[in-house]
Amino acid sequence: MAEEFIKEKSNKLGIELKFDGEQPGAVDYFQMAMKESENLKNSLKNLENKNDDDDKDNDDDIDKNALVQQLFEKAISTFETEWKESQEKEDIKHQKYLLVQYTDCLKEFSLWTKYIGSIEDAENICEEWLKKNDSEGYIWIILANLHLVKMNINCENENDAEQLDDDEEDEEEEEEEEEEEEEGEGDENNKGKGKAGEQKHKKFIDNKLPEKDKEVLDNIKNSLEKGFSLLGNEKEPDKKLISELNAIIANTYYNYSLCQRQSSSKRQCVFCIKECLEYTIGYSKKAIELSPSDYEKDDWIKALPGFAYYYLADLYSEKYKDLEKAMDYVMEAIDIVMSAEALAKKENKLIERAKYLEMIGQSYLLLSTMTDSDDDTLGAYENAIDAMKASIKLNPSNQSLLNLMVEIGALILNEDGTYILPEGHDHDHEHEFEEIEEDEDAPDDDGTEENKEEEDEEDEDTKGKRKTEHEEKPAKFIKTNDGKKCCGGGCCQNK
């Protein structure tokens, strides 16, 4: 159906929709809106990667945005009509189907516009339904997810507003510094940039959530417990459905934890971040446990606990100063995300691989701040750089990662905007990961004498180093076909 509609531009801010033949229903409009919104997101990403200001592309995106808006509004108005008609017919089964689609459409429209009015309408629809059908576990879970998504939208809007204020203050500070240091050395001119970097890596501040937000989170928790209990106690529980719902809740908790993490020192709640990350891990693992066959090729749901473990490790290291637990968490992150990256490679998902390799690099970088010896620190740092370079190779437009690599001294930014390796860098090592990647899919061969010598040297070097419950920290970022880490001495290739 989405391919059949005809778009006619009436003006720059509106699209007139015309259809040949039978008019679409509410679900059809909703599916069109989702497809066009995804196309627009991809178009905007490509525009960012091109790094230019093509007016024609911008005009096209304005038209596409208007189209998405129009399709969502048409879907919602059609849902309203169909919803009233279904209530008159008293068809409970069809009503439930429409309710799920209708509330999902309202939620997605709120996510698109960042306006919570639509998602509040969805909440009201679910609450009214549950007054008459209290035993509907599915709807209790949908309602809980709506509450959590709304909290995330509010959090993002507050963060965006504060970011605008911060940007204005940064611009004023930079202008003042440029005036004061106009005749200074080149290194002196970087002071303003250094301050900006420090602001991004602020410490965790453990504020208390407002009572209203705390009450909402408690209600979400209770609704989820009730909903999953009702579904699990059915005569024939639908494990696939329960698994899908667990995955949805895991993602929503994860998104909210990240938004809270980025909040200002006045609003940030460390306990809330910690709790949401723990829920992310629990629900994502439960999703896979209930229906493992459905996630055989789903690299993200498998990677999700690893991402949550990384942020927990960062929290325990920075806020709680519990390095032992932080190290356990970061090693869990590395194990899990490396396995997901291996799966993404099999499915030839380049962007996903780049994201996972970046997280592996971030995890090793965090690990390098927790090790006991200089050798361990250097090994973790080298692993981090290898993984980050591999990520940049797959996604060269990742500006945030390029900035981080400049910040930690792994790259140097030239005046012409190009990036180079620092002087004294081992250029043979620069291509080490590329060579490993090329050989990775080849059958395992017996180790050479040279590899065995390196293995013996590795055994001597790693004596006395800190261990976790899992295994010794690998000295090189090398991954075998099954996604397991290797010490780099060739022993894994012998197995």
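All figures in this text were calculated on a predicted structure; none of them were measured in a lab.

**Some points on the overall build of the protein**
A tally of regular secondary structure across the protein gives 18 helices and four strands. Out of the 495 residues in the protein, the part that is buried amounts to 44%. Contacts spanning at least 24 positions in sequence make up 69% of the contacts within the protein whose residues lie at least 6 apart. By element, 45% of the accessible surface of the protein is carried by carbon and sulfur atoms, the whole surface being about 27,900 Å².

**Comments concerning the nonpolar core**
Counting 117 residues, the largest nonpolar core has L224 and Y256 as the members making the most contacts within it. Per-element tally for this core: the top contributor is helix α5 (residues 137–180), with 13 residues. Setting aside residues no more than four positions away along its own chain, L224 makes contact with I141, A144, I249, Y253 and Y283.

**Observations concerning the state of the cysteines**
Tallied over the full model, the rule gives one disulfide. Between the sulfur of C155 and that of C259 lies a disulfide, 2.5 Å long from S to S. The S-S bond linking C155 to C259 shows a torsion near -115 degrees; that makes this disulfide left-handed. Here the residue C155 occupies a position in helix α5, and C259 occupies one in helix α8 (residues 239–261), the gap between them amounting to 104 residues. The thiol of C272 is unpaired, and the distance to the nearest cysteine sulfur, on C276, comes to 4.1 Å.

**Topic: the packing of α8 against helix α10 (residues 299–318)**
For the pair α8 and α10, the least separation of the axes is 11 Å and the interaxial angle reads 30 degrees. With respect to their mutual orientation, α8 and α10 come out roughly parallel. Judged by the twist between their axes, the crossing of α8 over α10 is left-handed. Within the contact between the two elements, α8 uses A247, A250, N251, Y254, L258 and R261 and α10 uses W300, I301, L304, F307, A308, Y311 and D314. Looking at side-chain class alone, the contact of α8 with α10 contains 10 nonpolar, one polar and two charged residues.

**So, the pattern of salt bridges**
All told, the structure shown has 17 salt bridges when counted by the stated rule. Among the ionic pairs, K96 bridges to E136, the shortest N-O distance being 2.9 Å. Of the two residues, K96 sits in helix α3 (residues 92–113) while E136 sits in the loop between α4 (117–132) and α5, which places them 40 residues apart along the sequence. Residue E341 is joined to R353 by a salt bridge in which the shortest nitrogen-to-oxygen separation is 2.6 Å. Of the two residues, E341 is situated in helix α11 (residues 323–346) and R353 in helix α12 (residues 350–367); the sequence distance between them amounts to 12 residues. Each member of the pair, E341 as well as R353, carries the same accessibility label: buried. Via salt bridges that share partners, D104, K107 and E108 belong to a single interconnected network.

**Structural notes on the packing of aromatic side chains**
Throughout the structure, instances matching the rule amount to 17 aromatic pairs. The interplanar angle of 50 degrees and the centroid separation of 6.4 Å between the aromatic rings of Y254 and Y311 together place this pair among those described as tilted. Pair noted here: Y254 is in helix α8 and Y311 is in helix α10, with a separation of 57 residues, a long-range link. The two residues Y254 and Y311 agree in class, both being buried. Taken together, the ring pairs in this structure connect Y254, W300, F307, Y310, Y311 and Y356 into an aromatic cluster.

**Quick notes on the packing of helix α7 (residues 211–232) against α8**
In contact at an axis separation of 11 Å, α7 and α8 are set at 170 degrees when each is read in the N-to-C sense. Between α7 and α8, the angle falls in the class roughly antiparallel. Relative to α8, α7 is oriented so that their crossing is left-handed. Along the contact surface, α7 presents L217, I220, L224, F228, L231 and G232, while α8 presents I242, L245, N246, I249, Y253 and Y256. Among the residues forming the contact of α7 with α8, the class breakdown is 10 nonpolar, two polar and no charged.

**Topic: α12**
Over its 18 residues, α12 extends 25 Å from the first C-alpha to the last, a length consistent with the 26 Å expected when each residue adds 1.5 Å. Among the 18 residues in α12, 13 count as buried, and that is most of the element.

**What about the side chain of S391?**
Mapping S391 onto the fold places it in helix α13 (residues 374–394). With residues near it in sequence (within four places) discarded, S391 still touches A354, L357, E358 and L401.

**What to know about unusual backbone geometry**
Phi at K114 is positive, roughly 65 degrees, even though this residue is not glycine. As for its placement among the helices and strands, K114 is situated in the loop between α3 and α4. Here N348, not a glycine, exhibits a phi torsion of approximately 55 degrees, which is positive. With respect to the helices and strands, the residue N348 is situated in the loop between α11 and α12.

**As for the environment of E136**
For E136, a relative accessible area of 18% translates into the label buried. Sequence separation between E136 and G227 is 91 residues; the distance between their C-alpha atoms is 7.3 Å. What E136 contacts, discounting residues up to four positions off in sequence, is K96, W129, L130 and L230.

**Examining the confidence of the model for the protein**
Here the protein averages 80 in pLDDT, while 72% of its residues score no lower than 70. Here residues 188–201 is a poorly scored stretch, pLDDT under 50, and it has nine contacts once near neighbours within four places are set aside; other chains count. With pLDDT under 50 throughout, residues 427–495 is counted as low confidence; its partners more than four residues away or in other chains account for 112 contacts.

Calculation rules
Residues numbered from 1 in each chain as written. Predicted model: local features only at pLDDT ≥ 70, side-chain atom pairs only at ≥ 80, totals over all residues. Heavy atoms only, no water. Helix = DSSP H or I, 4+ residues; strand = E, 2+ residues; numbered from the N terminus. Buried < 20%, exposed > 50% of the residue type's maximum accessible area, 1.4 Å probe, protein only. Contact = heavy atoms within 4.5 Å. Areas by Shrake-Rupley, 256 points an atom, 1.4 Å probe, with all protein chains shown as cover. Core = buried A, V, L, I, M, F, W, Y, C linked by side-chain atoms within 4.5 Å. Disulfide = S-S within 2.5 Å. Axes fitted to C-alpha atoms, helices over the stretch in contact; angles between N-to-C directions. Parallel < 35°, antiparallel > 145°, perpendicular 65-115°, else oblique. Left-handed = near helix turned anticlockwise from the far one by under 90°. Nonpolar A, V, L, I, M, F, W, Y, C, P; charged D, E, K, R; others polar. Salt bridge = Lys/Arg side-chain N within 4 Å of Asp/Glu carboxyl O. Phe/Tyr/Trp six-rings, centres within 6.5 Å; stacked < 30°, edge-to-face > 60°. Expected span 1.5 Å × (residues − 1). pLDDT = per-residue confidence, 0-100.

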